[in-house]
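# Remarks on the overall topology
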Amino acid sequence: MALSPAWDAWLSENLLRGVAAEALARTLVAGGVAPEEARSEVARAGRHPAVEAGARHVALRAEVASLLEVRSALHAQARAGVERRRGVSAGEFQARYYRAHRPVVLEDFLEGWPLLERWRPEALARELGDVEVEVMAGRDTRADHDLSPDGCRTVMRLADFLHRLEHGGPTNDLYLTARNFALERPELRRLLDDVQPAPGFLQPQPPPGGIKLWVGPAGTRTALHHDVDSVLFCQVHGRKRFWLIPSFETPRVYNREHVWSAVDAAAPDLARFPGFATAHVHEVVLGPGEMLFIPVGWWHQVHALDVSVSVTFQSLDVPGGNARWHTSG
């Protein structure tokens, strides 16, 4: 008898996964297929042009995975952590960190920037409190708020939003994120006057969307993910904890959808995600005035420890432009 389309798809997938033909035949027999017919169907599926072509791609994928394992082993041998530095020039930053694909905390990056005072919550409420802003609300009731944020969008006065942050206690329910495009609003564009020039780090005239604002209470969380560009993550007010995992350990983080992982890096379920046990996880706490350089593709999870104001830059002032990861999502 001819196999159903579902059985055909199952056979093709498992052949490409490298499952032995004998094991596949036994499964077919257990499903009611005669032994000789089961062996014949497995052989037929293995000769299908799509499976033969796919096998060549699977072999290449295995080579790439092996190369990533080598890179991970070298990372372990180097005992490489996340350095904390002061006084780093633009040239050293580009050579030692950006081009070397290494994260770093620059503790003095925001020293002298007006935003350290003017973007504090009380200053924002005083100067811009009547401006209506879009924020993400109701995040705690939606497990998919990172993947499908549109259902969380709401509008409120900035002063009311900031009051809730200061007096509502720790929560992940309310957050002004990059997806709210606050700095694109005409009423808030003047905040960009408080960004100090940083040649060799930031483009002098970043394109729209190149600078993003994040404001939230203690307790806000962003699930494990990677960005498609390198990011300068700057902490203006409060503290945030980061869990960082190298880009070359992507096979260990169970990439769920597009740039998101299914793993909670703070409390991984190793029964469900055993491969994560061998991932190199670096923890960093970022305080006011500090910048964390997150290289393109490095996985990171974020938890706000206090009421927090952050700003991120993706338009880096580097030769050739910020290298980009073109994902398939």
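In what follows, the accompanying structure is described. Please read these numbers as outputs of a predicted model, since none were measured by experiment.

## Section: the overall build of the protein chain
In terms of regular secondary structure, the protein chain is built from eight helices and 15 strands. Overall size of the protein chain, expressed as C-alpha extent along the three principal axes, is 80 × 45 × 35 Å. Per-residue burial over the protein chain gives 44% buried out of 329 residues. Considering only contacts within the protein chain whose residues lie at least 6 apart along the sequence, 79% involve residues at least 24 apart. Element-wise, carbon and sulfur atoms account for 53% of the exposed surface of the protein chain, whose accessible area totals about 16,400 Å². Here the protein chain carries 36 positive and 41 negative side-chain charges, and the mean point of each set is 3 Å from the other.

## A short note on the sheet that holds strand S5 (residues 174–175)
Strand order in the open sheet made by the three strands is S4-S3-S5, with antiparallel pairing throughout. Single-partner strands in this sheet number two, and they are strand S4 (153–157) and S5. Contacts from helix H8 (residues 158–167) reach strand S3 (132–137), S4 and S5, with the element oriented near 100 degrees to S4.

## A word on the pairing of strand S14 (residues 299–304)
The side chains of a regular strand alternate between the sheet's two faces. Counted residue by residue, S14 has six buried out of six residues, so it is predominantly covered. The pairing of strand S7 (residues 221–225) with S14 spans three bridges and is classified as antiparallel. Counterpart to arginine 221 in the pairing with S14 is histidine 303. Where strand S9 (residues 240–245) meets S14, six bridges bridge the pair, whose relative direction is antiparallel. What sits directly across from phenylalanine 242, in S14, is valine 302.

## Describing the nonpolar core
Side chains that are nonpolar tend, in soluble globular proteins, to be buried together. The biggest cluster of nonpolar side chains holds 46 residues, and the ones touching the most others in it are Phe109, Trp119, Phe161 and Leu232. Sequence-distant contacts of tryptophan 119, defined by excluding residues within four places in its chain, comprise Leu124, Leu183, Leu191, Asp194, Val195, Leu213, Val236, Val309 and Val311. Grouped together as the second largest cluster of nonpolar side chains are 12 residues, Val231, Phe233, Leu244 and Val302 included.

## Comments concerning empty space enclosed by the protein
The final tally for this structure, using the stated rule, is one cavity of 30 Å³ or more. Its volume calculated, the largest cavity comes out at about 50 Å³. Residue lining of the largest cavity: Leu124, Val133, Leu158, Leu176, Ala182, Leu188, Leu191, Leu213 and Val215, and that is the complete set. Partitioned by chemical class, the residues of the lining of the largest cavity number nine nonpolar, no polar and no charged.

## Some remarks on the packing of aromatic side chains
Within the structure shown, the criterion is met by 11 aromatic pairs. Here the aromatic rings of tryptophan 113 and phenylalanine 313 are separated by 6.1 Å at their centres, their planes lie at 75 degrees, and the arrangement is edge-to-face. Separated by 200 residues along the polypeptide, tryptophan 113 in the loop between strand S2 (104–106) and helix H6 (115–118) and phenylalanine 313 in strand S15 (residues 308–313) bring together distant segments of the chain. There is no split in this pair, since tryptophan 113 and phenylalanine 313 are both buried.

Procedures and definitions
Residues numbered from 1 in each chain as written. Predicted model: local features only at pLDDT ≥ 70, side-chain atom pairs only at ≥ 80, totals over all residues. Heavy atoms only, no water. Helix = DSSP H or I, 4+ residues; strand = E, 2+ residues; numbered from the N terminus. Buried < 20%, exposed > 50% of the residue type's maximum accessible area, 1.4 Å probe, protein only. Contact = heavy atoms within 4.5 Å. Areas by Shrake-Rupley, 256 points an atom, 1.4 Å probe, with all protein chains shown as cover. Lys, Arg positive; Asp, Glu negative; His and termini not counted. Charge placed at Lys NZ, Arg CZ, Asp CG, Glu CD. Pairing = 2+ DSSP bridges. Axes fitted to C-alpha atoms, helices over the stretch in contact; angles between N-to-C directions. Core = buried A, V, L, I, M, F, W, Y, C linked by side-chain atoms within 4.5 Å. 1 Å grid on protein atoms, 1.4 Å probe; cavity = no way out; pocket = protein on both sides within 12 Å on 5 of 7 lines; lining within 4 Å. Points joined across faces, edges and corners; volume = space filled by probe spheres on them. Nonpolar A, V, L, I, M, F, W, Y, C, P; charged D, E, K, R; others polar. Phe/Tyr/Trp six-rings, centres within 6.5 Å; stacked < 30°, edge-to-face > 60°.

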